[in-house]
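Residue strings, one per chain:
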Amino acid sequence: MSVSKLWSFTEMRERPFPPQNATVEYYAITPKGSEARFRRTINLVQLRFATSETAVLRYLKQSHKGCDIQIIDLYFH
């Protein structure tokens, strides 16, 4: 193994575990059919440190009462 490969391994940043935040991109669709696209970063303390798509979806449904939520992208970091 070359020195440059070893150096790149030591420079890699580790992700914190467990993750502290979730960034989610989603549509909120009203009962009348209009939709809005959102991008939100959520601190996982708000989700009691749950790290699942279901927990994020539940949180978003509470934020947008009466709307259907469609998650486009979800990233835990």
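See the structure printed just above.
So, here's what we can say about the structure. (Residues numbered from 1 in each chain as written. Predicted model: local features only at pLDDT ≥ 70, side-chain atom pairs only at ≥ 80, totals over all residues. Heavy atoms only, no water.)

### Side note on the overall build of the protein
Piece 1. Helix and strand counts for the protein stand at two helices and three strands.
Piece 2. Sequence-ordered secondary structure for the protein, helices as α and strands as β, is α-β-β-α-β.
Piece 3. The buried share of the protein, taken over its 77 residues, is 23%.
Piece 4. A fraction of 50% describes how many contacts in the protein between residues 6 or more apart in sequence connect residues 24 or more apart.
Piece 5. Just so you have it, the protein exposes about 6,100 Å², and 53% of that area is on carbon and sulfur atoms. (Helix = DSSP H or I, 4+ residues; strand = E, 2+ residues; numbered from the N terminus. Buried < 20%, exposed > 50% of the residue type's maximum accessible area, 1.4 Å probe, protein only. Contact = heavy atoms within 4.5 Å. Areas by Shrake-Rupley, 256 points an atom, 1.4 Å probe, with all protein chains shown as cover.)

### Section: the sheet that holds strand β1 (residues 21-29)
Piece 1. On the basis of which strands lie adjacent, the open sheet formed by three strands has the order β2-β1-β3 and antiparallel pairing. Pairing within the sheet leaves two strands with one partner each, and these edge strands are β2 (35-43) and β3 (68-76). Between one strand and the next, the sheet's axes are offset by a mean angle of 20°, whatever the strand orientation.
Piece 2. Bridge count for β1 against β3 is eight bridges, and the pairing is antiparallel. Counted as the bridge partner of Thr23 is Tyr75 from β3. (Pairing = 2+ DSSP bridges. Axes fitted to C-alpha atoms, helices over the stretch in contact; angles between N-to-C directions.)

### With respect to the pairing of β1
Piece 1. Of all nine residues that make up β1, seven are buried, and the element is covered over most of its length.
Piece 2. Relative to β2, β1 runs antiparallel, the two being bridged by nine bridges. Counted as the bridge partner of Glu25 is Arg39 from β2.
Piece 3. The hairpin formed by β1 and β2 contains five residues between the paired strands, and Gly33 there has a positive phi angle of roughly 105°.

### Focus: the nonpolar core
Piece 1. Residues Ala22, Val24, Tyr26, Ala28, Ile42, Leu44, Leu47, Val56, Tyr59, Leu60, Cys67 and Ile69 constitute the largest nonpolar core, which totals 12 residues.
Piece 2. Elements supplying a minimum of two residues to this core: β1 and α2 (53-63).
Piece 3. Take this core: its biggest share by element is four residues, from β1. (Core = buried A, V, L, I, M, F, W, Y, C linked by side-chain atoms within 4.5 Å.)

### Observations regarding the environment of Glu35
Piece 1. Take Glu35: it is sitting in strand β2.
Piece 2. If near-sequence neighbours (up to four positions away) are discounted, Glu35 is found in contact with Tyr27, Ala28 and Ile29.

### So, the pattern of salt bridges
Piece 1. Overall, the coordinates contain two salt bridges when judged by the stated rule.
Piece 2. A salt bridge links Arg37 to Glu25; its shortest N-O distance comes to 2.4 Å. Linking Arg37 in strand β2 with Glu25 in strand β1, this pair joins segments that are 12 residues apart in sequence.
Piece 3. Among the residues examined, Glu25 registers a relative accessible area of 15% and is labelled buried.
Piece 4. One salt-bridge network, held together by shared partners, links Glu25, Arg37 and Arg39. (Salt bridge = Lys/Arg side-chain N within 4 Å of Asp/Glu carboxyl O.)

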